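Each chain, written out:
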Amino acid sequence: MTNVPVNRLRNFCIIAHIDHGKSTLADRLLQETGTVSSRDMQEQFLDNMDLERERGITIKLQAARMNYVASDKEKYVLNLIDTPGHVDFSYEVSRSLQACEGALLVVDASQGVEAQTLANVYLALENDLEIIPVLNKIDLPGSDPERIKDEIEAIIGLDTSNAISCSAKTGLGVNEILQAVVERIPPPKDDINEQTKALIFDSYYDPYRGVIVYFRVISGKISVKDKVLLMASKKSYELDEIGIMAPDQSKVDQLHAGEVGYLAASIKAVADARVGDTITLFNSPASEPLPGYTEAKPMVFCGLFPTDADRYPDLREALEKLQLSDAALRYEPENSSAMGFGFRCGFLGLLHMEIVQERLEREYDLDLIVTAPSVVYKVNLIDGDILMVDNPATLPDPQKRDSIEEPYVRMEIYAPHEYNGTLMGLCQDRRGEFVDMKYITTERVTLIYELPLAEVVTDFFDQMKSRTKGYASMEYHLVGYRSNELVRLDILINSEKADPLTTIVHREKAYDVGKGLVEKLKELIPRQQFKIPLQASIGSRIIASESISAMRKDVLAKCYGGDISRKKKLLQKQAKGKKRMKAMGKVDVPQEAFMAVLKLNQ
Amino acid sequence: MKSSYTRLPPRSAYLHIPFCKRRCFYCDFPVVPLGDSASGENGPGSQSIQSYLKLLLREIDLSPSGPALSTVYIGGGTPSLLSPLQIGLLLEHLRNKFGVLCGAELTMEMDPATFDKDSLEGFLNVGINRVSLGGQSFDDEMLAKIGRAHRKQHLIEACSLLNEAMKHGYLKSWSLDLIQNLPGQHLESWRQQLNQAVETCVPHLSVYDLLVEPGTVFAWREGRGELALPEERSAEEMFLLTSLTLRQAGFARYEISNYSYPGHISRHNRVYWNGSGWWGFGQGATSSPWGQRMARPRTREAYRKWLDIQDNQGPDSSLFLEKASRSNLDELILLGLRCREGVDLKNLAFHIGWDEMECKKYLPSLEQRWEVALEQGWLKKTGQRYQLTDPYGMNLSNQVLVEMMIWWDSLPPDVVDSPKFEELQCTFAD
């Protein structure tokens, strides 16, 4: 169905916490509307990156166009715009919300509202979206829709009298949801005759066609013959094709206000067509871009080094290729005497970092050493200059510094109230400052703290989950920089400084961290043929030391005719292990050791 | 320059006798436990033994032929469960197939408490002239703990029988096996074991480290956390002590786990380490006459079926010079470095068919990888010859070998492919 009148269009997204069944519900909607036949149904159709399916999370956005005949016998076109479900990608979420008029708020009827959901609901409310509460998984024995409705009313202040109960798994209530989308979500504004403006809400890199841009036409129309201008990147392109996602891409000639579609225009890198940018016509450009565009800023940095130095060019090529599809990824060459050549990379958050690392290892077959994540410090120098430092090893010497500032976040943690004590303990440990505590229901509490980001990007999330048996959820945003008593803690392995293990820590924690680090390294670095001293130092002062004793026996004590093959296999295994280690000076250091600082609490 | 490659035919044969009284707790060999009163000709288990011997003789008869043998090794299992007549029959079939050189070394593995003066004489009469005695320990408690059927007293008796036979010139040499790093062992108790071994006047010792292999009683105990192996430090000290103690007693460590008095080196075992070929016969036995190793099935039934196939289609291709693939340089280095004399890299490379150019291109990167080992004194270089030092180098040999494996992996695929027969000029020297 093409040329749909604007009043028959509905654009909506689904807001849900991880595991609350968003992807399953999306699948079910596609099936119910006949967009995807049951036969072609792969579980979680919209999550089409392997990694996403494995982790059960949505990283890249997807969209699908569905045809639906409502109870008024009229045909409607429903565009479902999927949103990523992780805090690292909140900017993408806000853009995709801007492309919609309504949202399904999916809450697990046995679990309740989680922090992530809440953050996104507030974003949706800010964008003036119509919100339809949906209680999912009501087929489960533990579900309690009434309690959850109360919770939604209490926490978000949404009227839940017309909330829909459903089971995405069994299909119960799915038609009711579609009907509600038509009835309760308003159609887009009919601005077909205005200046052309379209919002990019996602893009990905296709090796054959260049960047594929997903957009929502906000006003005016775009035809395949048009030459378009991207207002933020100031680049213009002749279009190769435009089309709709049904859910596979199918070409059309024109899209008008309210419609959602894709375009291909031989765009070389996603950085040229960033999420949030405004598409307009080259010949009659809009006077103003759509509001809200910002460039994604990396918050977390780490070093990436190939274990095998010869593969540095491969790593560079892989990063170049990844950046074509990941506009938020930053990298620049880094080299240290200890690690050889590698890159300093910037990420939106820890998950983003893990994803990139995994894609590099999986899709490009690289063995990597990843150093512990760091944040960006603001260093005020004595001479009045300000230096931004994202690599602890490059922090200037104390005599050159006046002060160091570090980024702080406002952290909101939602959890059942019995975990208050342990969560407050965790936040105190991590230099948190208590802001507020609110009972949202009689059982559930929000804790609000301000914390240094550096303390969050280590194992904060894991600790929070393990201390609350997985019941707590969190959400944070940056609130600015604060000056603190910070020092650079160096690690020396075999009397050589190991740059990748350098950290910036609070002076009061330096001794504990230093001691913990050398102890952890002693566990993680295998014994070698000579004694290896391990030291932690601040400047030239050694604050903790350990040593790894020399290995004096590593031998296959018996080897005759029948055993040769087996003994050879043992040696091959040992060789493989050694190859995965990084030689620092004369010492072979295994990958895990570079993350030692994250493992201090285990 | 193509090497003028001479492939000498094997002069050695290994025969596997899979029977034992019991399966020891550390053992993962293809053995058949027959009970403590088992014996070859008419005791319990004798039928099983006899039917196995038929298969074994059939395999020998089926084998391609070759020049007269210089070493024969009857291993197991516990070959001394067989009667002298049965051992004689096996040797006779080998004589018929290959011939046996005068002065050949004919070794047989024997366990304490499985033979007496008469049966020993019987074995010597049919031609056995070297014995490898599975003593393992002089400590009764330890012997019980590792599942052995004999006790200290049996071992001491066996040693004096063997010494007696050697004194009279019937036996040319004998060897004693010891296991170190057993659960509960410590430096002091190990010192006592070594001293007792030296006091037996045995001219050859094989000292093995306990390896916990999957599927053994020990592996099962380890899985349940019930196997208290010596601490790493303690194991290292014991290992060092072995080398030092035995050196002081006049033994030479001619291979990582083998020690001998002058003139008592095991000729058969050297075949495995210097890259020579050997025939192999019996269930679970490995053969490598021309450089391609082939392991026979480990169970009786599978072995029987395998033999039927050999019968119908002719012997396995690995047994023929023209069809067998070659052992490669990495293996030759791995095995060669185990021995005191070490390896001559260039010589070995020529041996597998590299030319001068290939040697120049690829060997230096290995030598570079070995620099740390040279610096640390584990490896010593004389001309082109590399040797592991005793004790430190031999005790850390894996570190040297792992560098070699990484080097081998880094070579281009066409270099590490097994050398092809056609590319080598072979002369069959008979």
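Here we summarise the structure given alongside this text. (Residues numbered from 1 in each chain as written. Chains lettered and ligands numbered in written order. Predicted model: local features only at pLDDT ≥ 70, side-chain atom pairs only at ≥ 80, totals over all residues. Heavy atoms only, no water.)

### What about the sheet that holds strand β1 (residues 9–16) of chain A?
All names here are of chain A.
Phase 1 of the analysis: If you walk across this open sheet you meet the 6 strands as β2-β3-β1-β4-β5-β6, and the pairing is mixed. The sheet is open, and its two edges are formed by β2 (63–69) and β6 (164–165), each paired on a single side.
Phase 2 of the analysis: Bridging between β1 and strand β4 (residues 102–108) involves 5 bridges; their strand directions are parallel. Along β4, the bridge assignment pairs Cys 13 with Ala 103.
Phase 3 of the analysis: Strand contacts of helix α4 (residues 115–126): β1, β4 and β5 (130–136), with the helix running at about 150° to β1, the strand carrying the most contacts.
Phase 4 of the analysis: Those strands touched by helix α5 (residues 145–156) are β4, β5 and β6, and its axis lies near 130° from that of β4. (Pairing = 2+ DSSP bridges. Helix = DSSP H or I, 4+ residues; strand = E, 2+ residues; numbered from the N terminus. Contact = heavy atoms within 4.5 Å. Axes fitted to C-alpha atoms, helices over the stretch in contact; angles between N-to-C directions.)

### So, the interface of chain A and chain B
Phase 1 of the analysis: Facing 29 residues of chain A, the contacting portion of chain B comprises 44 residues.
Phase 2 of the analysis: Buried surface at the junction of chain A and chain B, both sides included, amounts to about 3,500 Å², of which 56% is carbon and sulfur.
Phase 3 of the analysis: For chain A, the biggest contributors to the area lost against chain B are Arg552(A), Lys553(A) and Tyr560(A); these three give 21% of the whole.
Phase 4 of the analysis: Across the contact surface, chain A and chain B share 10 salt bridges. (Buried area = accessible area lost by both parts, 1.4 Å probe. Salt bridge = Lys/Arg side-chain N within 4 Å of Asp/Glu carboxyl O.)

### Examining the pairing of β5(A)
Residues and elements named next belong to chain A.
Phase 1 of the analysis: By the criterion of burial, β5 is predominantly enclosed, with 6 of the 7 residues buried.
Phase 2 of the analysis: Pairing geometry for β4 and β5, over 7 bridges, is parallel. Pairing of Ala 103 across the sheet is with Ile 131, part of β5.
Phase 3 of the analysis: In this fold, the crossover linking β4 to β5 by way of α4 has right-handed handedness.
Phase 4 of the analysis: Pairing of β5 with β6 involves 2 bridges; the strand directions are parallel. Across the sheet, Leu 135 pairs through a bridge with Ser 165, a residue of β6.
Phase 5 of the analysis: You can see the chain leave β5, run along α5 and come back into β6, and the turn it takes is right-handed. (Buried < 20%, exposed > 50% of the residue type's maximum accessible area, 1.4 Å probe, protein only. Right-handed = clockwise from strand over helix to strand, strands pointing away.)

### Overview of the pairing of strand β13 (residues 249–252) of chain A
Moving residue by residue along a regular strand, the side chains alternate between the two faces of the sheet.
Residues and elements named next belong to chain A.
Phase 1 of the analysis: Bridging between strand β12 (residues 241–245) and β13 involves 4 bridges; their strand directions are antiparallel. Following the sheet pairing, Ile 244 is matched in β13 by Ser 250.
Phase 2 of the analysis: Adjacent in sequence and paired antiparallel, β12 and β13 are bridged by 3 residues.

### Brief notes about the packing of helix α13 (residues 356–369) of chain B against helix α16 (residues 397–410) of chain B
All names here are of chain B.
Phase 1 of the analysis: Two numbers describe how α13 lies on α16: the axes approach to 9 Å, and their chain directions differ by 145°. Judged by the twist between their axes, the crossing of α13 over α16 is right-handed. Seen from α13, the contacting residues are Tyr 362, Leu 363, Ser 365, Leu 366 and Arg 369; seen from α16, they are Glu 403, Met 404, Ile 406 and Trp 407.
Phase 2 of the analysis: A class-by-class count of the residues in the contact of α13 with α16 yields 6 nonpolar, 1 polar and 2 charged. (Left-handed = near helix turned anticlockwise from the far one by under 90°. Nonpolar A, V, L, I, M, F, W, Y, C, P; charged D, E, K, R; others polar.)

### Some words on the environment of Tyr439(A)
Residues and elements named next belong to chain A.
Phase 1 of the analysis: Looking at the element boundaries, Tyr 439 is found in strand β24 (residues 433–439).
Phase 2 of the analysis: Separated by 25 residues in the primary sequence, Tyr 439 and Tyr 414 place their C-alpha atoms 9.7 Å from one another.
Phase 3 of the analysis: Not counting residues up to four positions away in its chain, the partners in contact with Tyr 439 are His 417, Asn 420, Arg 444 and Val 445.

### Considerations on the packing of aromatic side chains
Phase 1 of the analysis: Scanning the model with the defined rule gives 23 aromatic pairs over all chains in all.
Phase 2 of the analysis: Ring geometry for Phe201(A) against Tyr214(A): centres 6.3 Å apart, planes inclined by 50°, an arrangement best described as tilted. A residue pair is termed long-range when its members are at least 10 positions apart, and Phe201(A) in strand β7 (residues 197–206) and Tyr214(A) in strand β8 (residues 210–219) qualify at 13 residues.
Phase 3 of the analysis: Considering the side-chain rings of Tyr52(B) and Tyr303(B), the 6.1 Å spacing of their centres and the 40° angle between planes classify their relative orientation as tilted. Of this pair, Tyr52(B) sits in helix α1 (residues 46–62) while Tyr303(B) is found in helix α10 (residues 300–313), placing the two residues 251 residues apart along the sequence. (Phe/Tyr/Trp six-rings, centres within 6.5 Å; stacked < 30°, edge-to-face > 60°.)

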